[in-house]
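# Breakdown of the fold
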Amino acid sequence: MDPITILTMAISIGTTAWKAAKAAGIIGDPEWAKYADAGLAVLVKGTEIAAKIKAGSTDYDHLTPDEIEALLKPASWDEIEARAKAELEG
Amino acid sequence: MFRRMRDSRIVPVAIVLLLVFVAACATTPIGKAVQSAHVQKQIVEASAVEFAKLHLQGTVPEDSYLKGKEAYGKWAKGEVAVAKTLADWKRLGDTESGKRLSEALRLSGDLFRAYVDAVGQFVDLKALRAKIGG
């Protein structure tokens, strides 16, 4: 399992435990809790960005149906031959 | 000749390993399916360009070239079907669209293997991998 997946799972578990503790009144609502919330939000956002970078420039999880069809449209054989000629000439 | 034969045996294995590796990068089932199909498309198109270049240079005989071209055409039709069924699955997300997608992916896999059989023995694996970045 890669570091980003492990971090994502750890943050998910931590977030759930944090919310449960607050909901159960174990933590209450101290002043430092808002800083913890903000820190957690930054961690979650950072992990999302790292996961997107790892997946490459295309965000495959959030493509629209039209974007999927456009992304996967194969080149025609004429285009393939044109690319081949261009590469040989270039 | 020996180098080509050795590389041609490695091509399908390397491609499958690359597809499995990149499929682990997206996080949702639809994301993984789209990513796998996209990587396969990049591999096929890059290898087709190499194949056409070799033909222009006189390395690929005419009959082999026509077989490769025909295999590419069949794969391309399968890829269009995969794209359409993936888009439908994203739109609808129901069991029926999932079944159509499974069937399209199965057919696409068969067409991909047929394409690799037709073109793989001529394509320089190292150049292909450099283009894909795998």
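Further up the page is the structure itself.
In what follows, the accompanying structure is described. (Residues numbered from 1 in each chain as written. Chains lettered and ligands numbered in written order. Predicted model: local features only at pLDDT ≥ 70, side-chain atom pairs only at ≥ 80, totals over all residues.)

Turning our attention to the overall build of chain A. Scanning chain A from N- to C-terminus turns up four helices and zero strands. Here chain A holds 90 residues, and the buried ones make up 9% of them. (Helix = DSSP H or I, 4+ residues; strand = E, 2+ residues; numbered from the N terminus. Buried ≥ 20, exposed ≤ 12 C-beta atoms within 10 Å, placed from the backbone.)

A tally of regular secondary structure across chain B gives five helices and zero strands. N-terminal to C-terminal, the α/β element order of chain B is α-α-α-α-α. In chain B, buried positions account for 41% of the 134 residues. Put simply, 68% of the contacts in chain B that link residues at least 6 apart link residues at least 24 apart. (Contact = placed C-beta atoms within 7 Å.)

This part is about the interface of chain A and chain B. Each side of the interface is counted separately: chain A has 23 residues, and chain B has 29 residues. Of all the elements in the fold, those that place two or more residues in the side of chain A that touches chain B are helix H2 (31-54), helix H3 (65-72) and helix H4 (77-89) of chain A. Here the element with the most residues in the side of chain A that touches chain B is H4 of chain A; it accounts for eight residues. Per-class residue counts for the side of chain A that touches chain B are 14 nonpolar, one polar and eight charged. (Nonpolar A, V, L, I, M, F, W, Y, C, P; charged D, E, K, R; others polar.)

A rise of 1.5 Å per residue sets the reference length of helix H3 (residues 62-92) of chain B, with its 31 residues, at 45 Å; its end C-alpha atoms lie 45 Å apart and thus fit the reference within 8%. Phi turns positive, to about 65°, at Gly93 of chain B, one or two residues after H3 of chain B. (Expected span 1.5 Å × (residues − 1).)

Where H3 of chain A meets helix H2 (residues 29-56) of chain B, the closest approach of the two axes is 9 Å, and the angle between their N-to-C directions is 20°. By the angle between their axes, H3 of chain A is roughly parallel relative to H2 of chain B. Side by side, H3 of chain A and H2 of chain B meet where Ile68, Leu71 and Leu72 of chain A of the first sit next to Val34, Ala37, His38 and Lys41 of chain B of the second. Taken together, the residues of the contact of H3 of chain A with H2 of chain B sort by class into five nonpolar, one polar and one charged. (Axes fitted to C-alpha atoms, helices over the stretch in contact; angles between N-to-C directions. Parallel < 35°, antiparallel > 145°, perpendicular 65-115°, else oblique.)

Attention now goes to the packing of H4 of chain A against H2 of chain B. Two elements in contact, H4 of chain A and H2 of chain B, have axes whose closest approach is 8 Å; the angle formed by their N-to-C orientations is 65°. The element H4 of chain A and its partner H2 of chain B pack so that their crossing is right-handed. Taken together, the residues of H2 of chain B that come into contact with H4 of chain A (itself represented by Ile80, Glu81, Arg83, Ala84, Lys85, Glu87 and Leu88 of chain A) are Glu45, Ala48, Val49, Ala52, Lys53 and Leu56 of chain B. Broken down by class, the residue content of the contact of H4 of chain A with H2 of chain B amounts to seven nonpolar, no polar and six charged. (Left-handed = near helix turned anticlockwise from the far one by under 90°.)

On to the nonpolar core. All names here are of chain B. Grouped together as the largest cluster of nonpolar side chains are 22 residues, with contacts concentrated most on Ala48, Phe51, Trp75, Tyr115 and Val119. Looking at which element gives the most residues to this core, the answer is H2, with seven residues. With residues up to four places along the chain from it excluded, the contact list for Trp75 reads Val44, Leu111, Phe112 and Tyr115. Ala37, Leu86, Trp89 and Leu101 belong to the second-largest nonpolar core, a separate cluster that totals 14 residues. (Core = buried A, V, L, I, M, F, W, Y, C linked by C-beta atoms within 7 Å.)

On to the environment of Phe51 of chain B. Topologically, Phe51 of chain B is positioned in helix H2. Each residue touching Phe51 of chain B, except ones within four places of it in the same chain, is listed here: Val60, Gly68, Val119, Phe122 and Val123 of chain B.

Next up on the list: the environment of Val119 of chain B. Of note, Val119 of chain B is situated in helix H4 (residues 95-119). The spatial distance from the C-alpha of Val119 of chain B to the C-alpha of Val60 of chain B is 9.6 Å, given a sequence separation of 59 residues.

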